Structure formats: C-alpha cells, structure tokens
Amino acid sequence: MSLLIPRDSRVRSRIAIVRVDLHINRSFHYLVPEELREQVMAGTRVQISFGRRKVLGTVLEVSETLDGLEVAADALKPILEVVGASGLITPAVLQLAKWMADYYLCPLDLALKSVAPAVVQKKGKMRAVRSRRDPELEMAVTEASTLTSSEPPPLMAQQEAVLSRMFEWLDADSSQEKKPVLLHGITGSGKTEVYLQVIARALEQGKGAIMLVPEISLTPQTVERLRARFAPLDKPEPNAGTGSKPEGGILAVLHSGLSQGERFREWQRIREGKARLVVGARSAIFAPVMNLGVIVVDEEHEHSYKQEEHPRYHARDVAVMRGHFEKALVILGSATPALESYHNAIKGKYHLCRMPERVDGRHLPKIRIIDMRQETLRQKGFAIFSEPLKSGIQLRLERGEQVILYLNRRGYSSSMLCPKCGFVATCPHCSVSLSYHRQAGTLQCHFCGYAAKAFNVCPQAECRDPSIRFAGMGTEKLEEAVSRAFPTARVARMDSDTMTRRDAYERTLLRFRMGKIDILLGTQMIAKGLDFPRVTLVGIVFADLGLHFPDFRSGERTFQQIVQVAGRAGRGDVEGEVVVQTFTPQHPVMKHIRKQDYEGFYQEEIGFRSALQYPPCCRITKIECASEQSSRAQYVIQQLHKLLLQRLGPSIRVLGPSPSPIEKVRGRYRHHLILWDTRKKEHRGILQEIFASLPRDGEVKVFPDVDPIQML
Ligand code: ADP
Ligand code: ZN
C-alpha cells in the first residue's frame, strides 16, 4: 500500500473519523486508502496504527476532504485494513449508538461495543461451528410445528380495527402519524396475530422488520408462529430447519445458542438484505436491517429489556429511538404495559390501541383471592395449599385438565437459621441469606451463585445445635408438597435448576402440550406467553413474595406477574380459574388483580407515583459506586455528591447518598444516590462532563443508571 499522498489539490483525499477501541474519549483522523474507498463508511470496523500499536476502531464519519486540511492529509496515517464484512454497523445504528452514549451517559466506545456482537467487532477468523443436533428434540419440534398453522385465521373485529389503523400508520410519512403505538390487549386477545400481519405487510413492501421478545428461549411458541408464517416465503438452506441452527431464508432468529460463526453469518445475511425479518432478545434491536419498516416489542413491560451493565440501556426505549431515526413504525405490545408506556399513550406521545376481548369469545379466568391468614388459622398452622387451591387441583386431575402453579423463588428454602442462637447462613460475598437446595445438598446465593455444603448442625462453634431449620419456601419444596398431596399426578418443575440444558425447557413444554404432564410448577419461566388450551387452573402459591421490596415498582411488578400468569388459564373451550394465595389480601394491588383491571391499577398507581415524583411522572437517574471496601465506595459517592451539588446547584433534587438496600453484591459494597430530572439539557451536559472525566479503571467503579429498573 502506498503511503504517498499526491498533493495535487484536484485529487481530494478521503478522510475517516475513527473511534479507537481504547478507553480514550475522543476520535482521530485517518486517511482512507484508494483501494478501501468502497468499503470504508460510517460504521465500518477498521484496523489502524495508533502510536506503535495496531488497534481496532469504528469509523464514525467519512468526508471527502477536510476543508483547509489538505496540507495535513499527508501527515495522516492510513487505515490499514477493513475488519470483517463492511457495514455491519449501519449508519442508522451508528446514530443510535451516539444517541445511547449521550442519553445513557456512557463513553461512545462502550455504546459502540454494545451495538454489535463481539464477533462482528473483532478480527479473528470465524469457524462455523455446527450446533449439536438432538434427534429426539428435532422430532418433537417437527411434531409440534404441525400444530402451528401457517395460514392467517379470519380476523376478529378488534384485530381488524387495530390492523387497519396500524396499516395506515405504517404507510404514513409524517412523524406525527408514525409515532409509536402501544397495543394494550388482554392475555389471549390475539396480539401476536396483529404483529404477524403488520410484519407481513412491511415485508411485502420490500421493507425489513425487527421483533423483540423478552428472552428467545422462553418464548418458543412465538418464534414457532413466526417460522410457520414466514419461513416458507423463501426457501430455507438445505439442512436448516429445526432446533438451534440458523434459519436461512427471510427469517433470522438471533438466539444465544448460535455459535460465533453462525452469529456472524446471520448478521451478514441481514446486512445483505437476504434476511429481512429479525427476531431476538434485547440486542437484536441493533441488527443491521436496512430500510426498516416496523419494530415490534412484544411484552414491552418485561424487565429483561433493560441491560444491567453499562451502558444500561432499555431496548424498548432504544427501539422507539431507532423507529424515530429510520421512520419505522414501533409497536409496543402488552396485556400489562409498563406504567411509563401507558403514561406516554395517555399523554398522546404514543398511539393507543386496545383489544379488550379474548379470541373466540372466551372469557378471562375468574380470579379468587385467598386470605392465607384465615387458612393458617383454619388449618392450624402454615399450609402450602389453601382448601380452594387443593380442591381445585383435585378437580382438574379428575377431569383430565391441566394446572400451572407459580412460585417465583427457586430452591427448597430461602434461608437456613438456628432457632437456638439465631444464626442465619448468609453469603460471604453478598448481603443476602443463602437458599437451601435440597437435591444438591447445598446452600446457594441467588445473587452471585456462591454454593457451599449445607449444615446438619449450627456451624457456630459455641452452639452446634442440631435443630437448625429452613425457613421460606421455594419451588423445590413446592414440588415435594405437590407430589405428596397428589401422589398420582404427573408433575414437572421448571426453574433454572431443572432447566440447565438448553433444550430442557422446550422439551418440558412439549410434554406438557402433549398432555404428558398434569401439573407444571415453576418460577417466572412459566409466566411468559405460553398458550396451552387445556390449562384451566392457575395457582399463585405465594403472591406476596415480591410485594414488600423497598422498590417503588414492587406493586407494579406484582400486578404484572400475577395477571400474566393468570392469563395462562382458560385459553381453550373450558373456562379458567385462578387462585391467588396471599397474606395481604387488603393490599390495593390485590383489589385490581381480582378484577384484572389494568386501567384501575394504573389510575391508583399513577397517583402514588405523582405524589412521590417517581417515574413515569418524573425521570430519575441512579448513580452507583461499588468497591471492595464500603468506606471507599462511600467516600467516592460523597465526593461525587459534592461535585454534583457544586455544578448543578440547588436546582437538582438528590436522594441520598446511602448504602444500596442490598449493600454487598459479589464482594463489592454499593452506595448510591438518585437524581431527579436529569433530562434537562443543562443538567445532562454537566453530567456528561462529570462522567467523562471519571477514571474508568480505578478500584471504585462508578455507574450511572438512567431510568433505572433495578433499585436494590
Ligand atoms: P396474545 O398474544 O394476545 O396473548 P395470542 O396472539 O397468543 O394472544 O392468541 C391467542 C390464541 O388465539 C392463539 O392460539 C392464536 O393462534 C389464536 N388466535 C389469534 N387470532 C385469532 C383469530 N382471529 N381467530 C382464531 N384464533 C385466533
Ligand atoms: Zn452471593
């Protein structure tokens, strides 16, 4: 490659602004060599020399010439080579990364890192590692897919009405009409069919589509329906098809089971326009789809859309921005929308579409709230099953119907304590108690994964009492209780302890669908999007579990989880029933759960939020400092607090600093403070300056969390 640049002013140099992959918060100019002209554009990954090193970087901009800089051009170093296929970060996604860096208060190189999978960023050679095949699973999947029709059903009136509005917005040009849509449809109202038809129209128009789901492995039915509908549009590559392999054809499913090489290939297929429909979890929002027509965010209230690592972006909000930048229609769908989204719809920032009825005139299940305090009295002691739940299960077993039991805590017991000396087993790395896992014979931390052998006697040297006990119930204990109470029932447990193999989940669901399981019990794994017509009873074993956390969203989360699980009942011809067991039946949330009244819940909850100035009535930003020594984290957050007050003045409201409710996690002590109204331009500018100036590799880590979800 020639390093000589002709100084003839008629030959203009092409200059790239490159952000290097070093923790340096600025960009540098490089020369684009003649032979790379075609390939280097905004978003291209390149290798360059930096000092004496060769490093990688991302091109932010390419310009024909820098005015007045022709002379300097020959002082510039050339780009050495293009890494990977060019343009896997599209200009639109690059714009998104810049927005993220700005909004989520993070350096641009970190934002760039999160918009493309590592394999697209790096240089290495890709080997297409074949995923392992599992003949039994493939057979089962083939069997299941025959149950999924590829033909659209005749639409219900509410679906027609919603679709005709959405088609209009899809075809519209003005950004007012193209604003995001919130589709609030109750469980089983046929939302997925609406998504499929809007996507179909976008594809017919030659445009692309992205559909986000909370977790791809936990939404097999949704993916199956997309496959059935869209995979035939294009011939799949030979050997492609079931299981965890890439699809070929117009559909790209980005799931965590893809090997590096497969992932890279899928990105290329998307960038080349061969795959125009992309389905995936959070990070699929950055897929290099060109000419994007529609983005669907299914179950938009799910917290898994929030990334809990810096940059702490929310894929739903990123989707809204991407739609805005690319003039694509964004559809957010849920039976229990996030308060933020519903608030936006009420204010007119989003279109609001409702589907208040279930498909085929089916009814929502009846919900009964059971007061477990009364049950404890009646049954003379703590009981896992109330009478109504017990007789309900019995009835379903006799009728050959199916039951789902929900308990959002895994393990056997949530703590191990000594009644004599008061010892409680806690994690050495986190300030939480350890859960007892009976099968494994261990005490485990659900925060960091620490595990130790369980004790037979109190471990305190001066105590050694053998009557050490386990308190609080998890799914393992529930399974044992179910098997004891219903010895003939076929029971399966679904939580992250039993679903360790990637296909275990799919396999269990298939067995459930085929009627080989009577009672399915589990954690939130069973709460998402499952559609089984023979489930007629859902039991919420301990509804209070998440209700009393020191988190302003604990009521909202409880409402969402219970209404979602309840929605699994009564999807067939037989009406469904839901039994909610609670020790706090008087809690306001329970009243709305009983009536499955989202609107009523929203009205009451928004009153609380507005009084306390919590989101969505106000924007907040959490700033967290973490260190192996509590005092250091505390010192840094106090310094930061002072600095914030100095720079922002009394105009900004601050809560804290204080230790986080769960102070220690993974051996690091955390202190945080919360800032209100960080959206104001002048505030953001100052915050960015402050964060840009923080050292990134010190022992005390400082993270901003804009619009935080995790408050503990
Ligand atoms: P939601 O996503 O709102 O919970 P789904 O889209 O899963 O609801 O629909 C529930 C069930 O109703 C699915 O089995 C789906 O195939 C079926 N369904 C959807 N629309 C129709 C329709 N117009 N006619 C008949 N069945 C439908
Ligand atoms: Zn721990």
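Residues numbered from 1 in each chain as written. Chains lettered and ligands numbered in written order. Predicted model: local features only at pLDDT ≥ 70, side-chain atom pairs only at ≥ 80, totals over all residues. Heavy atoms only, no water.

**Considering the environment of Ile-210**
Within the fold, Ile-210 resides in strand β7 (residues 208-212). A C-alpha to C-alpha distance of 8.2 Å links Ile-210 and Arg-276, two positions 66 residues apart in sequence. Beyond its immediate stretch of four places on either side in the chain, Ile-210 contacts Val-278, Ala-284, Ile-285, Ala-287, Val-289, Leu-292, Val-294, Ile-295, Val-296 and Arg-322. (Helix = DSSP H or I, 4+ residues; strand = E, 2+ residues; numbered from the N terminus. Contact = heavy atoms within 4.5 Å.)

**Structural notes on the coordination of the zinc ion (ligand 2)**
All of the protein donors around the zinc ion (ligand 2) are Cys-427 (SG), Cys-430 (SG), Cys-445 (SG) and Cys-448 (SG); their distances to the metal are 2.3 to 2.4 Å. Coordination at the zinc ion (ligand 2) is tetrahedral: its four donor atoms span angles of 107 to 114° at the metal. Considered as a linear motif, the donors of the zinc ion (ligand 2) on their single chain read C-x2-C-x14-C-x2-C. With Cys-430 in the loop between β15 (415-417) and β16 (435-437) and Cys-448 in the loop between β17 (442-444) and β18 (451-453), this pair connects stretches of sequence that are 18 residues apart. (Donors = N, O, S within 2.8 Å, 3.2 Å for Na, K, Ca; no water. Tetrahedral: all angles 85-135°; square planar, octahedral: opposite > 155°, others 65-115°.)

**Overview of unusual backbone geometry**
The linkage connecting His-310 with the following residue, Pro-311, adopts the cis geometry, with an omega of 0°. One can find Pro-311 in the loop between β10 (292-298) and α10 (315-326). Each neighbour pair has its own omega, and for Pro-615 with Pro-616 the value is 5°, a cis peptide bond. For Pro-616, the location among the structural elements is in the loop between α18 (598-612) and β24 (620-627). Here the phi dihedral of Glu-299 falls at roughly 50°; this positive angle occurs in a residue that is not glycine. Counting through the fold element by element, Glu-299 comes out in the loop between β10 and α10.

**Regarding the site of ligand 1**
In the region of ligand 1, 17 residues are neighbours, and Pro-154, Gln-159, Gly-188, Lys-191 and Asp-531 sit closest. Lys-191 places a polar side-chain atom, nitrogen or oxygen, 2.9 Å from an oxygen atom of ligand 1. In the environment of ligand 1, an oxygen atom lies 3.0 Å from a nitrogen or oxygen atom belonging to the side chain of Arg-225. Relative to its free-state accessible area of 560 Å², ligand 1 is covered by the protein chains to the extent of 77%. When residues of the shell around ligand 1 are assigned to their parent elements, the largest contribution, three residues, is made by helix α7 (residues 191-204). Its residues assigned to classes, the shell around ligand 1 comprises six nonpolar, six polar and five charged. (Near = heavy atom within 4 Å. Polar contact = N/O pair within 3.5 Å; in protein donor to acceptor, adjacent residues only side chain to side chain. Areas by Shrake-Rupley, 256 points an atom, 1.4 Å probe, with all protein chains shown as cover. Nonpolar A, V, L, I, M, F, W, Y, C, P; charged D, E, K, R; others polar.)

**Considering the pattern of salt bridges**
As a working rule, side chains carrying opposite charge can pair if their charged atoms are close by. In this structure the tally under the stated criterion is 40 salt bridges. Put simply, Asp-705 and Arg-312 hold a salt bridge, and the shortest N to O gap is 3.5 Å. Note that Asp-705 is positioned in strand β27 (residues 701-706) and Arg-312 in the loop between β10 and α10, a separation of 393 residues in sequence. Arg-312 carries the same exposure label as Asp-705, and that label is buried. One salt bridge in this structure joins Arg-632 and Glu-699, with 3.4 Å as the shortest N-O distance. Of this pair, Arg-632 sits in helix α19 (residues 630-648) while Glu-699 sits in the loop between α20 (681-693) and β27; the two residues are 67 residues apart in sequence, bridging distant segments of the chain. Residue Arg-632 is classed as partly exposed on the basis of its relative accessible area of 37%. Among the charged side chains, a salt-bridge network with shared partners connects Arg-368, Arg-396, Arg-399, Glu-401 and Glu-577. (Salt bridge = Lys/Arg side-chain N within 4 Å of Asp/Glu carboxyl O. Buried < 20%, exposed > 50% of the residue type's maximum accessible area, 1.4 Å probe, protein only.)

**Some points on the sheet that holds strand β2 (residues 28-31)**
If you trace the five strands from one edge of the open sheet to the other, you get β2-β1-β4-β3-β5, paired in antiparallel fashion. Strands with a single pairing partner mark the edges of an open sheet, and in this sheet they are β2 and β5 (81-82). Across six bridges, the pairing between strand β3 (residues 45-50) and strand β4 (residues 53-63) is antiparallel. Its bridge partner being in β4, Ile-48 is matched across the sheet by Val-55. (Pairing = 2+ DSSP bridges.)

**Examining the packing of helix α8 (residues 220-230) against helix α15 (residues 504-513)**
Contact geometry for α8 and α15: axes closest at 11 Å, N-to-C directions at 85°. Classified by the interaxial angle, the pair formed by α8 and α15 is roughly perpendicular. Touching Pro-220, Gln-221 and Glu-224 of α8 are Tyr-505, Glu-506, Leu-509 and Arg-513, all from α15. (Axes fitted to C-alpha atoms, helices over the stretch in contact; angles between N-to-C directions. Parallel < 35°, antiparallel > 145°, perpendicular 65-115°, else oblique.)

**Looking at α10**
Side chains three or four residues apart in an α-helix point the same way, a direct result of the helix having 3.6 residues per turn. Helix length check: α10, at 12 residues, gives a terminal C-alpha distance of 16 Å against a target of 16 Å (1.5 Å per residue), a fit within 8%. For α10, the set of buried residues is Ala-315, Arg-316, Asp-317, Val-318, Ala-319, Val-320, Met-321, Arg-322, Gly-323 and Glu-326. Along its buried surface, α10 packs onto α2 (91-103), β7, β10, β11 (329-334) and α11 (339-346). (Expected span 1.5 Å × (residues − 1).)

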